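Survey of secondary and tertiary structure
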Amino acid sequence: MVGVVAAALLIAAWVNKAAGPASVAALSGLVLIWCFFQAPVTCAAPVRGREDGCRNNATGLLLGCHIRQHRWQKLKMLILRRQLRTFFSGLFSDGKAALVSLAAIGSFLSGIVTFVPGVAVG
């Protein structure tokens, strides 16, 4: 819930231009952390016999579900070069994951743009 409120405040800060670049950068970081570690998504860790992966609920794009092995599998996908493509294809596997992934990308770009002179809010 905190991430959704922070995302709404981030959008309001960009539209209203009342907030300074520091608050926009802080809100962008908060939304990005929420997307990585708290957003409700599907686990999608590789499972034998299922092409679409694990269907359990998970918290965040980087963490797996309640099964400890799935958490390690998701983190290992980021480290091993051959499994990186599988991880990134899982970011847009269903509607929830796609929405959270787009929010993470948008908040990352928002945080970067706040430091570009001439484009920053305020």
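Here the structure is a predicted model, which is why all the values come from computation and not from measurement. (Residues numbered from 1 in each chain as written. Predicted model: local features only at pLDDT ≥ 70, side-chain atom pairs only at ≥ 80, totals over all residues. Heavy atoms only, no water.)

What follows deals with the packing of helix H1 (residues 2-16) against helix H2 (residues 21-37). Following both chains from N to C, one finds H1 and H2 inclined at 150°, their axes separated by 9 Å at the closest point. In this structure, H1 crosses over H2, and the sense of that crossing is left-handed. Counted together, Val2, Gly3, Val4, Ala6, Ala7, Leu9, Leu10, Ala13 and Trp14 of H1 and Val24, Leu27, Ser28, Leu30, Val31 and Trp34 of H2 form the full contact between these two elements. In terms of residue class, the contact of H1 with H2 is made up of 13 nonpolar, 2 polar and no charged. (Axes fitted to C-alpha atoms, helices over the stretch in contact; angles between N-to-C directions. Helix = DSSP H or I, 4+ residues; strand = E, 2+ residues; numbered from the N terminus. Left-handed = near helix turned anticlockwise from the far one by under 90°. Contact = heavy atoms within 4.5 Å. Nonpolar A, V, L, I, M, F, W, Y, C, P; charged D, E, K, R; others polar.)

Fine structural detail should not be taken from predicted coordinates in areas where pLDDT scores are low. For the protein, mean pLDDT is 84; residues scoring 70 or higher make up 95% of the total. Across the protein, H2 holds the top mean pLDDT of 91, while helix H4 (residues 84-90) sits lowest at 78. (pLDDT = per-residue confidence, 0-100.)

Here we take up the packing of aromatic side chains. Taken as a whole, this structure holds 1 aromatic pair when the rule is applied. With 6.4 Å between their ring centres and 85° between their planes, Phe36 and Phe37 make a pair best called edge-to-face. (Phe/Tyr/Trp six-rings, centres within 6.5 Å; stacked < 30°, edge-to-face > 60°.)

Counting through the fold element by element, Ser28 comes out in helix H2. Each C-alpha atom, one on Ser28 and one on Ala6, is 8.1 Å from the other, the two residues being 22 residues apart in sequence. Discounting residues that sit within four places of it in the chain, Ser28 has contacts with Leu10, Ser107, Ser110 and Gly111. Here the side chain of Ser28 touches Ser110 through a polar contact of 3.0 Å, side chain to side chain. (Polar contact = N/O pair within 3.5 Å; in protein donor to acceptor, adjacent residues only side chain to side chain.)

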